Amino acid sequence: MINCPSNDYTPVLKILGLASFADRRYHANLKFLSKLISGNINSPTLLSSISFKVPCRRTCQTYSFNIPPISTFYGSNTPLMRYMSLANSNTPQTHPTQD
């Protein structure tokens, strides 16, 4: 029996060597976007929905995707918008265990 607080399953994850659902979802989203862009997933419709950011001159910002303004929370949580937003905010300091 693993002793842990009622709403915290972190000790169980550590003992079993598992990642949290949030971490697994984060990595799966980035992996899907990477496979889509590299051509491992053949979906021209999805690929055409991705808006790449191409700056006209060199800037300090290194965002890869241009995310259009969205007025609703529902619209901002669509899978492609979430994938592009995650990729733009992806830094090694935030999530060091990417595969």
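Okay, so let's go over this structure. (Residues numbered from 1 in each chain as written. Predicted model: local features only at pLDDT ≥ 70, side-chain atom pairs only at ≥ 80, totals over all residues. Heavy atoms only, no water.)

Considerations on helix 5 (residues 79-89)
Then, in step 1: For helix 5, the complete set of buried residues consists of L80, M81, R82, Y83, M84, L86 and N88.
Then, in step 2: The inward-facing, buried residues of helix 5 contact helix 2 (21-38), helix 3 (44-49) and helix 4 (73-76). (Buried < 20%, exposed > 50% of the residue type's maximum accessible area, 1.4 Å probe, protein only. Helix = DSSP H or I, 4+ residues; strand = E, 2+ residues; numbered from the N terminus. Contact = heavy atoms within 4.5 Å.)

Describing the environment of I41
Then, in step 1: Tracing the sequence through the fold places I41 in the loop between helix 2 and helix 3.
Then, in step 2: When residues no more than four places from it in sequence are discounted, the contact partners of I41 are F32, K35 and L36.

Remarks on the side chain of N88
Then, in step 1: Within the secondary structure layout, N88 lies in helix 5.
Then, in step 2: Under the relative-accessibility criterion, N88 is labelled buried at 16%.
Then, in step 3: Leave out the neighbours within four places in its chain, and N88 touches Y63, S64, F65 and I67.

Things to note about helix 2
Then, in step 1: The first and last C-alpha atoms of helix 2 sit 25 Å apart over 18 residues, in line with the 26 Å expected at 1.5 Å per residue.
Then, in step 2: Burial in helix 2 covers these residues: Y26, H27, N29, L30, L33 and L36.
Then, in step 3: Summarising the contacts, the buried residues of helix 2 are in contact with helix 3 and helix 5.
Then, in step 4: Positive phi shows up at G39, right after helix 2, with a value of about 95 degrees. (Expected span 1.5 Å × (residues − 1).)

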